[in-house]
Amino acid sequence: MPNRLAHQTSPYLLQHAHNPVDWYPWGEEALTRARTLDIPILLSVGYSACHWCHVMERESFENEQIAAQMNAGYVCIKVDREERPDIDHLYMSAVQMMTGQGGWPMTVFLTPDGEPFYGGTYFPPEDRYGRPGFPKILNAVTEAWRSSRSEIIEQGAAMAKQISEMGRAQAAPSDINTGILDRAFERLESVFDEEHGGFGSAPKFPQPMNLDFLLRYASRTGNKRATEMVSFTLRRMALGGIFDQLDGGFARYSTDTYWLVPHFEKMLYDNAQLVQSLVRCWQMTGEPLFREAAESTLNHLIREMTHPDGGFYSAQDADSEGVEGKYFVWTPKEIQAALGIEDSTLFCRIFDVTPHGNWEHTNILNLSSTISELAGGMDKDPKELQEFVDRCKAKLFALRETRIKPGLDDKILTGWNGLAIAAFAEASRAFGRPDYENRAAEGARFILSTLYASNRLYRTGKFVGDGAGTFQRAPIFGFLEDYANMSDAMLELYLTDFNPDWLKHTRELTDAMLDLFWEDGRLFNTPKDGETLIDRPRDVMDNAVPSGQSVAIGVLIRLNDLTGDTRYGQISDQILATHAVSMAQHPQAFGRLLCGLDMALGPLTEVTIAGDPTDKSVQTMLTSVRSEYRPNLLCVIAPPTGAPGLNPDWTEGRGPVEGKPAAYVCRDQECKPPVTFVDDLLTLLNAG
C-alpha cells in the first residue's frame, strides 16, 4: 500500500512511495504531527540520481523491521534536495558542523520544532564501513530522547542558533580590484593537477565555474598558463571515461584522479555549465575537440533530457537494473559480437578495452588522444580513422539502446532549465547553429507558460499521465537561483536574437528577484513571503550549481549597461565589495562570482550594429564579433524600427553610414567612429 509520497510530483519521492516507512513530505502536516506526538523527526534528504540513496533505500527503507522502528519512534519526512534546496541547505549545514562532512543521502534527527541535534549521511543496515548500523542509531536516538530530552532540545536550539549566526554573518565591504583576480588565479594554480588536469585529487569534480574564471583571466591578462590549465583539463575530461564516448554528456564526477571512472549519473546542471566552458575554450583556442564535445553534449540533452514541449529534465541515473554503471560499460566479447573480429580489435585498441577491463572487470570507453592524433601514431589517414570510429560508435550506440536504460528524473526545475537555456543560446551564437537558438527559445517559452504565473516563478513540476502527459506544477515558489538563472537565460536569448520580449522578461524577472530576495544589503535564497524555517538560508558560495547571488551579479551588471538603470550596478557593486576578501582567499568556492567581478572591473566593450538584422552585411559583422572569446563584450543590433527597452545611448544617433550597415564600438565610455567593413571592426575589437 503506498504511503503519503504517492501524490507528489518529485520522481525521488515517488521512488519511496511504496516503502513500508510511513513517509511524509515536508509540510505542516508532518511538523504538526511531530509536535502533537512530541517525538523527534527523522529527516531523510536525497535525489533521484544518487546511487547511495538507492542503496540505503534497498537496505533500510524497504526493510520491514527497520521501517517499523522508524515508524514507532519518529515522524519520518522525505525531501528531494533538488525540489527544496532551502531545506537541504539548512540541514546540510548542520550535518557538516556536526560531522565535518556532508553528502547524500543525508539523515538528520530533529526536535519537533525542526531543530537538528544529530545527523550523518549514509548509514548501513548493520555496522559496516566503520559506520554504525542504522537500527543501532535509531535505538540510540530513541533512548536519548526518552532519557535526555532536555539536553537534546538544548543542543538543537544551540545548533539552530549557530546556523542562523553563520547565515547572518557578513564581512565588511572591501575594495574590489584586479589584485583579487590575481590572487585567485595564484591559489587555483597552486592546487592544479599538472598530470591529469582539474583541481585536487579524487574524487574529482569538473568545476566549470573555475574554468570559466581562468578563461576570463587569460583574456584579461594574456596569461597563457591560465588558458593551458583550462584546455588541458577539458581535453582530459572529453577524452576520459567521465565523458560518454558514445552518446555525449558528462557524468557527475570522476571517482579517480584520471577522469576515467565516473559516478555515472548525468546532471542537467553539470552538462549545461560544461557546454559553456567548452564553447568558450573553443573560441579561445580553436581546438576542434572542444566544439565536438559541446555539440555532442547538447545533442545528448536534446535526445535524452528534453520533453517534446521544450522543458529539460533534471538527471539520468547512475544505476540500471539496480547496478551502478551497467548501462555504460562493455566487454570485448560484446564489442566483437557487434563489430566483428577485425573491426572490434582496432576499436578496442583505440578505446582502451581489454579482457581484464579497466573497471570492475568491464570497460569504460575512453581515449588516450584525439582520433586525429591516434591516426598519426597508427600510420592511418585521420579522416578514414574518424569515419571508422563513427561507424563503430553508431553500431554500439544502437546496441546500447536495446539495454535497460538508467532511470530518468523527469521533473523540470526552473533554475536548472535556465542554465540549459543559456548554454544552448551561447552555443548557437558561437557555432552559428540556429537549431540551438530555437531549442533555447522553446525552453524559455515552456518555463514562462508552465512555471510562471501571476508574476511568480515556481520551482518545479513534471508531466503526469499517459502519452505526452499533463504538466503538474508543484506548489513551491521559486527560489533565488530560479529567478537568477532564468533572468540570465532570458538575457542570453536577447543577446542571441535581439527579440525585445526577452529583454522585457529579463527586467521583469530581475526586478521581481530584487523585490523578493534583496533585504538588508544581501540576497537570500528564499523569498520574503516564503515558509518560515529555523533560519532564512543564504548561499553565498558556488557549489555544484552557481549560487543565485553569483548568477544575479552577471545579470545586474549587464542590465545596468543595457538599460541605463544604475540601480542594478549599485546592487552588484555592493555584493561584490562584501565578498572581495573571500573571493581572493577561497577562489574554488567563488568561481562564478569571480567571473562577475571580472565583468564589473571591465573594461566593458559595447558594440552596436546599425542596420536591418536580415541584411547579409549585418550578419557578417555579427558573426565576426562572435567568432572569438570576448567575455566583456556586449553586442546588439539596432534595426531601423528601433530597439525597445534598450538604453537610448546604444541607439541614438547610430544608424547606417552612406546607406551601409555600420558598427559602433565604445569602450570605457570612449566611442570610436563608426566602421562599415568587418576588418575595421575586428581591428577596433582587438585593439583593447
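A brief look at the structure comes next. The structure presented is a predicted model; accordingly, all values stated were derived computationally and were not measured. (Residues numbered from 1 in each chain as written. Predicted model: local features only at pLDDT ≥ 70, side-chain atom pairs only at ≥ 80, totals over all residues. Heavy atoms only, no water.)

Topic: the state of the cysteines
Spelled out, the test is: Only a pair of cysteine sulfur atoms within 2.5 Å counts as a disulfide in this structure description. Type-normalised accessible area, obtained with a 1.4 Å probe on protein chains alone, sets the label of each residue: buried when under 20%, exposed when over 50%, and partly exposed for intermediate values.
Here the structure, examined in full by the defined rule, presents 2 disulfides. Between the sulfur atoms of Cys-50 and its disulfide mate Cys-53 the distance is 2.4 Å. Between Cys-50 and Cys-53, the disulfide has an S-S torsion of 80° and is therefore right-handed. Its relative accessible area of 4% is what places Cys-50 among the buried residues. The disulfide partner of Cys-666 is Cys-671, and the S-S distance across this bridge is 2.0 Å. Looking along the S-S bond of the Cys-666-Cys-671 disulfide, the torsion reads about 105°, which is the right-handed sense. Each bonded cysteine in the chain gets a number by its place in the sequence, and the pairs come out as 1-2, 3-4. Here Cys-392 is not cross-linked by a disulfide; its sulfur's nearest cysteine counterpart is in Cys-348, at 9.4 Å. By relative accessible area, which is 2% here, Cys-392 ends up buried.

Some thoughts on the pattern of salt bridges
In a structure, side chains of opposite charge can pair up when their charged atoms sit close to one another. What counts is decided by this rule: The term salt bridge refers to a pairing of a side-chain nitrogen on Lys or Arg with a carboxyl oxygen on Asp or Glu at a separation within 4 Å. Comment: elements are numbered from the N terminus, with helices defined as DSSP H or I runs of at least four residues and strands as E runs of at least two.
Under the defined criterion, the tally for this structure stands at 48 salt bridges. One salt bridge connects Arg-146 with Glu-143, and the closest N-O pair in it is separated by 2.4 Å. Of this pair, Arg-146 and Glu-143 both sit in helix H6 (residues 134-147), 3 residues apart, which is roughly one turn of the helix. Residue Arg-146 is classed as exposed on the basis of its relative accessible area of 60%. Of the charged contacts, one joins Arg-216 and Asp-598 as a salt bridge, the two residues approaching to 2.6 Å between their closest N and O atoms. Here the residue Arg-216 occupies a position in helix H9 (residues 208-221), and Asp-598 occupies one in helix H24 (residues 591-601), the gap between them amounting to 382 residues. Side by side, Arg-216 and Asp-598 carry an identical accessibility label, which is buried. It is possible to trace a salt-bridge network through shared partners that takes in Arg-429, Asp-488, Glu-492, Arg-558 and Arg-592.

So, unusual backbone geometry
Cis geometry marks the peptide bond from Ala-202 to Pro-203; its omega dihedral reads -10°. Position of Pro-203 among the secondary structure elements: in the loop between helix H8 (178-190) and H9. Between Gly-602 and Pro-603 the backbone carries a cis peptide bond, its omega angle lying at 5°. Residue placement: Pro-603 occurs in the loop between H24 and strand E20 (605-610). We note that Gln-669 has phi near 60°; this positive angle belongs to a residue other than glycine. Mapping Gln-669 onto the fold places it in the loop between strand E22 (662-667) and strand E23 (670-671). For Gln-669, a relative accessible area of 78% corresponds to the exposed category.

Some details on the nonpolar core
Using the following cut-off: Think of a nonpolar core as a cluster: buried Ala, Val, Leu, Ile, Met, Phe, Trp, Tyr and Cys residues, connected wherever their side-chain atoms sit within 4.5 Å. Contacts between residues were defined by any pair of non-hydrogen atoms, one from each residue, lying within 4.5 Å.
Counting 187 residues, the largest nonpolar core has Met-70, Phe-134 and Ile-350 as the members making the most contacts within it. The residues contacting Met-70, other than those within four sequence positions of it, are Val-21, Trp-23, Leu-42, Phe-61, Cys-76, Phe-134 and Leu-138. By size, the runner-up hydrophobic cluster in this structure holds 24 residues, among which are Leu-31, Leu-90, Val-95 and Leu-110.

Some remarks on the packing of helix H10 (residues 224-239) against helix H12 (residues 288-304)
The following threshold applies: Under this scheme, a helix contributes an axis fitted over its contacting stretch, all axes are lines through C-alpha atoms, and angles between N-to-C directions fall in the 0 to 180 degree range. These descriptions rest on fixed angle ranges, namely under 35 degrees for roughly parallel, over 145 for roughly antiparallel, 65 to 115 for roughly perpendicular, and the rest for oblique. By definition, any crossing whose near helix is turned counterclockwise from its far helix by less than a right angle is left-handed, and any crossing with a clockwise turn is right-handed. Here the term charged refers only to Asp, Glu, Lys and Arg, the term nonpolar to Ala, Val, Leu, Ile, Met, Phe, Trp, Tyr, Cys and Pro, and the term polar to all other amino acids, Gly among them.
Contact geometry of H10 with H12 gives a least axis separation of 10 Å together with a crossing angle of 50°. Considered as vectors, H10 and H12 are oriented oblique to each other. You can see that H10 and H12 cross each other, and the crossing is left-handed. Each of Ser-231, Leu-234, Arg-235, Ala-238 and Leu-239 in H10 lies in contact with H12, whose residues at this interface are Leu-289, Phe-290 and Ala-293. Residue classes in the contact of H10 with H12 are distributed as 6 nonpolar, 1 polar and 1 charged.

Let's talk about helix H5 (residues 85-99)
We count it as follows: To estimate the expected span of a helix, count its residues, drop one, and scale the result by 1.5 Å.
Over its 15 residues, H5 extends 20 Å from the first C-alpha to the last, a length consistent with the 21 Å expected when each residue adds 1.5 Å. The set of residues buried in H5 consists of Pro-85, Asp-86, Ile-87, Asp-88, Leu-90, Tyr-91, Met-92, Ser-93, Ala-94 and Val-95. Residue Gly-100 follows H5 closely and has a positive phi angle near 85°.

Things to note about the environment of Ala-157
Within the secondary structure, Ala-157 sits in helix H7 (residues 149-168). Residue classification places Ala-157 among the partly exposed residues on the basis of a relative accessible area of 34%. Spatially, the C-alpha atoms of Ala-157 and Glu-115 are 6.1 Å apart, while their sequence positions differ by 42 residues.

Remarks on the pairing of strand E2 (residues 41-46)
The two faces of the sheet receive side chains in turn, since in a regular strand these alternate between them. This is how the line gets drawn: Between any two strands, at least two bridges found by DSSP are needed for them to pair.
Burial analysis of E2 places 6 of its 6 residues in the buried class, the great majority of the element. Side-chain alternation along E2 places Ile-41, Leu-43 and Val-45 on one buried face and Leu-42, Ser-44 and Gly-46 on a second face that is also buried. The pairing of E2 with strand E3 (residues 75-80) spans 6 bridges and is parallel. Bridge pairing in E3 links Gly-46 to Asp-80. One ladder, built from 5 bridges, connects E2 with strand E4 (residues 106-110); its direction is antiparallel. Residue pairing across strands places Ile-41 opposite Leu-110, the latter belonging to E4.

Observations regarding the sheet that holds E4
Within the open sheet, the 5 strands sit side by side as E1-E3-E2-E4-E5. Their pairing is mixed. Unpaired on one side and paired on the other, strand E1 (23-25) and strand E5 (116-120) mark the two borders of the sheet. If you compare each strand with its neighbour and ignore which way they point, the axes differ by 30° on average. Each of E1, E2 and E3 touches helix H2 (residues 28-37); the most contacted strand, E3, lies at about 155° to it.

Regarding the sheet that holds strand E13 (residues 412-413)
Judged by pairing direction, the sheet is antiparallel, and its 3 strands sit side by side in the order E13-E16-E17 without closing on themselves. Two strands lie at the open edges of the sheet, namely E13 and strand E17 (470-473), each paired on one side alone. As paired elements, E13 and strand E16 (residues 460-464) share 2 bridges and run antiparallel to each other. Bridge pairing in E16 places Ile-412 opposite Gly-461.

Let's talk about the environment of Leu-211
Mapped onto the secondary structure, Leu-211 falls in helix H9. Judged by its relative accessible area of 0%, Leu-211 falls in the buried class. Separated by 156 residues in the primary sequence, Leu-211 and Val-55 have C-alpha atoms spaced 33 Å apart. Ignoring any residue separated from it by four or fewer positions in sequence, one finds Leu-211 in contact with Phe-199, Pro-206, Val-230, Thr-233, Leu-234 and Ser-277.

Quick look at the packing of aromatic side chains
Formally: Any Phe, Tyr or Trp ring, taking Trp's six-membered ring, that has another such ring centre within 6.5 Å forms a pair; planes under 30 degrees apart are called stacked, those over 60 apart edge-to-face, and the others tilted.
Applying the stated criterion across every chain yields a total of 28 aromatic pairs. Relative to Phe-463, the ring of Phe-446 lies with its centre 5.9 Å away and its plane at 35°, an arrangement referred to as tilted. A residue pair is termed long-range when its members are at least 10 positions apart, and Phe-446 in helix H18 (residues 434-450) and Phe-463 in strand E16 qualify at 17 residues. Note on Phe-446: relative accessible area 4%, which makes it buried. Summarising the aromatic geometry, the rings of Phe-446 and Phe-471 are spaced 5.4 Å apart at their centres and angled 85° between planes, so their arrangement reads as edge-to-face. Taken together, the residues span a long stretch of sequence, with Phe-446 in helix H18 and Phe-471 in strand E17 at a distance of 25 residues.

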